[in-house]
Amino acid sequence: MFRILPKHRVLYLSPLLAVLFALLGSAPLTVSGAVRDGSIRAETWTETAEERAESAGRAETYYGSYKLQTFDSVRHHTSFEFNAVAARWDATLLENSDVLLFLRTSRDNRGWSPWSTVEPENDAASNTGTNFGNLLIKRGAYMQYRVQLTAPARGKLPDVSSISFTFIDSREGPETRGAASGVAYAAEIGPRVISRTQWGAEEQLRFDGNGRETWGRQYTRPTKAIIHETVTLNHDPNPAATVRAIYYYHAVTRGWGDIGYNFLVDEQGRIYEGRAGGENVVGGHARCFNWGTIGIAALGEYNSARPSLAMIRAIEDILVWKFRANKINPYGHGVLGSYASRDIPNIAAHVDLDGMCGNSHQDPGKNLYSQFPSIRRNVARRLAGVTGTAGPVVDRPAPSAPARGGVKEPSYTVRTGGLGLSLRSKPGMNGQIIAVLGDGIVVQEITSPIDGWVKSVYQGKTGYLWHEYLLERRAAVPPPARRAPGRLRPGASAVIRGTPGALNLRQGPGMESPVVAKMWEGLGVTITGPAQSGWYPVVYTDGSGKELTGWTWGKYLKPGASRGRQAAGTAMLAGTLGIPAWNWRRRRRDQMT
Ligand SMILES: [Zn+2]
């Protein structure tokens, strides 16, 4: 589904994946049947036309000028009990339409878990095509999904032409509950880290059929750390199993060849080695920002839950260790280079990159993000205690102010100092030169860089450009709501602007909170109270004049009154509906066969 603000789920890498496919000529996406990779079991179920036809059916409900259609699938029985599940679907979205996906699990086909929202992992800007959902840590031997399609009443509903689910059982393997946490900080050595061997990484998952690493290792000298959250389970009874499930999901299901983070941290303060390769290996956790950064992921979800002190200490341990080794100032900030040219703190959150290079994940949650000032302070204090200084500075000058009114997708100006820049057929110096671009030419990025090469199109030719000669033209993306508008005070009016269609109204301040309505582009809301970490309490009046209250992310709220009539749009209630029997349109079934 295509949330206006998909919260970060695991990491952002799919363009890299696309390039990997192109390079390898294979798509390691689908695992058919039950596969046993060492101790991890996995199987993928792709719904057949027959299963879709025989399933519970649909309900179609109209809300003013919009309609909502709900479809519940058959209850699929897996061949083994799983502890994690991830979805993949192909959708075609039209203007103002949306696809929402939910799933629930059962161990016995009688007692069922609550429905969990499946958040899309894809770029917020591209609503059509293949989507992967976030990895859900849920146990069961049965799974049922629900799709909700929304569109204007007289418009076409979006198409979901194919849907599949990968079930993972990663419970077999070392348990780390008894393992020591990373807190035993040693100035020279660093904190204790649970190695890949210790958490049971099956290294063969990183290799393709020819024995080659799916994702070749690269090394970088870090100047910053970027902190994420995995949005998996809180109070996880078996965090090592979750790390293994994430590993399988990233390496095999997504086809990336490994975990994207350099480190993962659990609630007991244990530190897990992430990406293979050791010291300073380049991870894949934040598009355009992987080179020169250390990716650290907090296991769990911290918009509603609070991070434990042990978890925060473990994050600080990694930072003290790495910042000391690489002489990084915990209070510093700057840009990573011409490519990733936003001024960000040296201890940054993934959300700080929002809108840059397609990064759109709003993580980590507010209860962890709010700890950043104290994390910086603690790291600085500990570095001072170790080195006798507040830490040497590896800052870079702040970039100039972003250009106004840029383009929607990241695009780049060639800056070579007068020379030509080669567009190559492959990422690498041995790629054939298919065009030479002059200074000042503007190109559009197709995917994030692989090993520093950016896939682009020039005069109809697709090829790769070396990133160092590309200056990013800043996208016309509003700044993150955290630094946002002083004028959105209680009592103020605001207009929804800049969404791809609709903005979610949620019950509470946070992505985990249920959606109560869709609020449409151009319509107005009234702010009813103070913001909380970028979330605003609002009143929204739908097409029938009904007032709906809830919380919404402030990024798309612009001060001012709506010029259009409120009745021009309608709120869509995405609640549970009665579901009469139906069959999907024949055209859809045909598409699947
Ligand atoms: Zn993230």
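Look above for the structure.
Procedures and definitions
Residues numbered from 1 in each chain as written. Predicted model: local features only at pLDDT ≥ 70, side-chain atom pairs only at ≥ 80, totals over all residues. Heavy atoms only, no water. Helix = DSSP H or I, 4+ residues; strand = E, 2+ residues; numbered from the N terminus. Buried < 20%, exposed > 50% of the residue type's maximum accessible area, 1.4 Å probe, protein only. Areas by Shrake-Rupley, 256 points an atom, 1.4 Å probe, with all protein chains shown as cover. Pairing = 2+ DSSP bridges. Axes fitted to C-alpha atoms, helices over the stretch in contact; angles between N-to-C directions. Salt bridge = Lys/Arg side-chain N within 4 Å of Asp/Glu carboxyl O. Core = buried A, V, L, I, M, F, W, Y, C linked by side-chain atoms within 4.5 Å. Polar contact = N/O pair within 3.5 Å; in protein donor to acceptor, adjacent residues only side chain to side chain. Expected span 1.5 Å × (residues − 1). Phe/Tyr/Trp six-rings, centres within 6.5 Å; stacked < 30°, edge-to-face > 60°. Contact = heavy atoms within 4.5 Å.

Moving on: the overall build of the chain. Looking only at helices and strands, the chain has eight helices and 32 strands in total. Residues classed as buried in the chain amount to 59% of the 593 residues present. A total of about 22,600 Å² of accessible surface is found on the chain, and carbon and sulfur atoms cover 51% of it.

This paragraph deals with the sheet that holds strand E14 (residues 271–273). Judged by pairing direction, the sheet is mixed, and its five strands sit side by side in the order E14-E13-E15-E12-E18 without closing on themselves. Both outer strands of the open sheet, E14 and strand E18 (347–349), are each paired with one neighbouring strand and no more. Within this sheet the neighbouring strands show an average axis-to-axis angle of 25°, counted without direction. Sheet topology places strand E13 (residues 263–265) next to strand E15 (residues 293–298); three bridges connect them, and they run parallel.

In this section: the pattern of salt bridges. Tallied over the full model, the rule gives 18 salt bridges. Of the charged contacts, one joins Lys 322 and Glu 279 as a salt bridge, the two residues approaching to 2.9 Å between their closest N and O atoms. Residue Lys 322 is located in helix H5 (residues 309–325), and its partner Glu 279 is located in the loop between E14 and E15; the two are separated by 43 residues in the primary sequence. Overall, the relative accessible area of 3% leaves Lys 322 in the buried class.

Moving on, we get to the pairing of strand E6 (residues 84–92). Successive residues of a regular strand alternate their side chains across the two faces of the sheet. In this structure, E6 lies alongside strand E11 (residues 159–169), joined through nine bridges in antiparallel fashion. Across the sheet, Val 85 pairs through a bridge with Phe 167, a residue of E11. Where E6 and strand E9 (residues 129–132) come together, four bridges link them in antiparallel fashion. The residue bridging Trp 89 from the neighbouring strand is Asn 131, located in E9.

This part is about the nonpolar core. Counting residues in hydrophobic clusters, the biggest one holds 29 residues, and the most contacted among them are Ile 227, Val 265, Ile 296, Ile 315, Leu 319 and Leu 368. Mapped onto this core, the elements with two or more residues apiece are strand E12 (224–229), E13, E15, H5, E18, helix H6 (366–369) and helix H7 (372–387). Here this core takes nine residues from H5, the largest share from any one element. Ranked by size, the runner-up nonpolar core spans 27 residues in total, among them Ala 42, Phe 132, Ile 137 and Tyr 261.

With respect to the element layout, Gly 173 can be found in the loop between E11 and helix H3 (196–199). Residue classification places Gly 173 among the partly exposed residues on the basis of a relative accessible area of 33%. Counting along the chain gives 26 residues from Gly 173 to Trp 199, while the straight-line C-alpha distance between them is 7.4 Å.

Moving on: the side chain of His 285. Within the element layout of this structure, His 285 appears in the loop between E14 and E15. At 3.4 Å, the side chain of His 285 forms a polar contact with the backbone nitrogen of Gly 295.

Right, let's get into H5. Working note: α-helix, 3.6 residues per turn, so residues spaced by three or four point in the same direction. In a regular helix each residue adds 1.5 Å, so 17 residues correspond to 24 Å; H5 covers 24 Å between its end C-alpha atoms and thus fits that length. Counting buried positions along H5 gives 12 out of 17 residues, so the element sits mostly inside the fold.

Moving on to the packing of aromatic side chains. A ring pair, where both rings are aromatic, is described by two values, the distance of the centres and the angle of the planes. Tallying each qualifying case throughout the model produces eight aromatic pairs. Measuring from centroid to centroid gives 6.0 Å for Trp 45 and Phe 165, while their planes differ by 20°, and the two rings are stacked. A residue pair is termed long-range when its members are at least 10 positions apart, and Trp 45 in strand E2 (residues 40–46) and Phe 165 in strand E11 qualify at 120 residues. Look at Trp 45 and you get buried, because its relative accessible area is 7%. With centroids separated by 4.9 Å and ring planes inclined at 45°, the aromatic side chains of Phe 82 and Phe 167 adopt a geometry described as tilted. Linking Phe 82 in strand E5 (residues 76–82) with Phe 167 in strand E11, this pair joins segments that are 85 residues apart in sequence. For the pair Phe 82 and Phe 167, one class covers both residues: buried. Each member of the aromatic cluster is reached from another via a ring pair, and the members are Trp 45, Phe 71, Tyr 145 and Phe 165.

Right, let's talk about unusual backbone geometry for a bit. In this structure, the amide linkage connecting Asp 363 to the following residue, Pro 364, adopts the cis form with an omega of 0°. Position of Pro 364 relative to the elements: it lies in the loop between E18 and H6. Positive phi is not limited to glycine here, since Lys 327 has a value of about 55°.

All right, on to helix H4 (residues 239–253) then. Taking 1.5 Å per residue as the helical rise, H4 with its 15 residues ought to reach 21 Å, and the 20 Å between its terminal C-alpha atoms agrees with that figure. Buried residues dominate H4, accounting for 15 of its 15 residues. Of the residues one or two after H4, Gly 255 is the one with positive phi, at around 80°.

Topologically, Glu 47 is positioned in the loop between E2 and helix H2 (49–54). For Glu 47, a relative accessible area of 3% puts it in the buried group. Taking C-alpha positions, Glu 47 is 8.5 Å from Phe 165, a pair spaced 118 residues apart along the chain. A polar side-chain atom of Glu 47 sits 2.8 Å from a polar atom in the side chain of Arg 52. Only 2.9 Å separates the side chain of Glu 47 from the side chain of Tyr 145, close enough to count as a polar contact.

A few words on the environment of Ile 312. Within the element layout of this structure, Ile 312 appears in helix H5. By relative accessible area, which is 5% here, Ile 312 ends up buried. Here the alpha-carbon distance between Ile 312 and Val 265, two residues 47 residues apart in the chain, equals 8.8 Å. Not counting residues within four places of it along the chain, the set of residues in contact with Ile 312 comprises Pro 307, Leu 368, Gln 371 and Ile 375.

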